[in-house]
Amino acid sequence: MEKTKMINALAALAQESRLEVFRVLVQAGPQGLAAGKISEITGIAPSSLSFHLKELLHAHLVNSRPEGRFIIYTAQFSTMSQLLAYLTENCCAGSVCTNTACPPEELQP
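Overview of the structure. (Residues numbered from 1 in each chain as written. Predicted model: local features only at pLDDT ≥ 70, side-chain atom pairs only at ≥ 80, totals over all residues. Heavy atoms only, no water.)

### A few points about the packing of helix H3 (residues 35-42) against helix H4 (residues 46-58)
Put simply, the rule reads: Axis definition: a line fitted to C-alpha atoms, over the contacting stretch in the case of helices. Angles run 0 to 180 degrees between N-to-C directions. Helix and strand labels come from DSSP, where a helix needs a run of H or I of at least four residues and a strand needs a run of E of at least two; each type is numbered from the N terminus. What sets the label is the angle itself: under 35 degrees gives roughly parallel, over 145 gives roughly antiparallel, 65 to 115 gives roughly perpendicular, and the rest give oblique. When checking whether two residues touch, look at their non-hydrogen atoms; a contact exists if any pair is within 4.5 Å. Just so you know the grouping, Ala, Val, Leu, Ile, Met, Phe, Trp, Tyr, Cys and Pro go in nonpolar, Asp, Glu, Lys and Arg go in charged, and all remaining residues, Gly too, go in polar.
It is at 10 Å that the axes of H3 and H4 come closest, and there the two elements cross at 110°. Between H3 and H4, the crossing angle belongs to the class labelled roughly perpendicular. Listed contacts from H4 to Ala35, Ile38 and Ser39 of H3 are Pro46, Leu49 and Leu53. Class assignment of the residues belonging to the contact of H3 with H4 gives a composition of five nonpolar, one polar and no charged.

### Quick word on the environment of Arg65
So the rule is basically this: Remark: exposure states derive from per-residue accessible area (1.4 Å probe, protein chains only) relative to the maximum for the residue type, with buried under 20%, exposed over 50%, and partly exposed in between. Pairs of N or O atoms are called polar contacts if they sit within 3.5 Å, as long as, within protein, a hydrogen donor faces a hydrogen acceptor (for residues adjacent in sequence, only side-chain-to-side-chain pairs).
Within the secondary structure layout, Arg65 lies in strand S2 (residues 62-67). Overall, Arg65 belongs to the partly exposed group, its relative accessible area being 31%. In contact with Arg65, not counting residues within four places along its chain, are Pro30, Gln31, Phe70, Ile71, Ile72 and Thr74. A polar contact of 3.0 Å, which involves the side chain of Arg65, links it to the backbone oxygen of Gln31. Polar contacts involving the side chain of Arg65 include one to the side chain of Glu67, which spans 3.3 Å.

### A word on the pattern of salt bridges
Worth spelling out the cut-off: Any carboxyl oxygen of Asp or Glu that lies within 4 Å of a side-chain nitrogen of Lys or Arg is treated as forming a salt bridge with it.
Considering all chains together, one arrives at three salt bridges under this definition. Among the ionic pairs, Lys54 bridges to Glu55, the shortest N-O distance being 3.0 Å. Overall, the relative accessible area of 47% leaves Lys54 in the partly exposed class. Two residues, Glu67 and Arg65, come together in a salt bridge whose shortest N-O distance is 3.3 Å.

### A word on helix H2 (residues 16-28)
For an α-helix, the turn length of 3.6 residues means that residues three or four places apart are oriented alike. Operational definition: Working rule for helices: expected span equals 1.5 Å times residues minus one.
Across its 13 residues, H2 extends 18 Å between first and last C-alpha, which sits within 8% of the 18 Å expected from 1.5 Å per residue. With a side-chain oxygen lying 2.8 Å from the backbone nitrogen of Ser17, the N-terminal cap of H2 falls on Gln15. In the segment just after H2, Gly29 is the residue with positive phi, at about 80°.

### With respect to the side chain of Ser39
By the secondary structure assignment, Ser39 is in helix H3. Of the polar contacts made by the side chain of Ser39, one reaches the backbone oxygen of Ile44; its length is 2.6 Å. Excluding residues that lie within four positions of it along the chain, Ser39 makes contacts with Ile44, Ala45, Pro46 and Leu49.

### Brief notes about the packing of helix H1 (residues 3-13) against H2
Interaxial distance between H1 and H2 falls to 7 Å at its minimum, and their mutual angle equals 100°. With respect to each other, H1 and H2 are oriented roughly perpendicular. In contact with Ala11, Ala12 and Leu13 of H1, H2 contributes Arg18, Leu19 and Phe22. Of the residues belonging to the contact of H1 with H2, the class tally is five nonpolar, no polar and one charged.

### A look at the pairing of strand S3 (residues 70-75)
Quick note on the threshold: Paired strands, in this sense, are two strands between which DSSP finds at least two bridges.
Pairing geometry for strand S1 (residues 33-34) and S3, over two bridges, is antiparallel. The residue of S3 that forms the bridge with Leu33 is Tyr73. The hairpin formed by S2 and S3 contains two residues between the paired strands, and Gly68 there has a positive phi angle of roughly 65°.

The following block contains the structure:
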């Protein structure tokens, strides 16, 4: 993944509503959710949600597909995986991580 695309993805996620929407779509899995359901879950007004979804689409973090009268949004897991791989590729000098400071629970607030 190009560095510019990674920066765009990180910038898109560096906003509270977009991060929440992305996390909801990751949890929804490959079946995704309609915009109305995303709005209901997150409490984000439909007009604002439309803007945030556009930003996530532009950053290649979500996909959309028509399904009847609805547009279904899904997380783009390939972009997420590439972004995570880039962020962690130099952890422990590129070898298997044995650093006890790295467990995911350390990232919890």
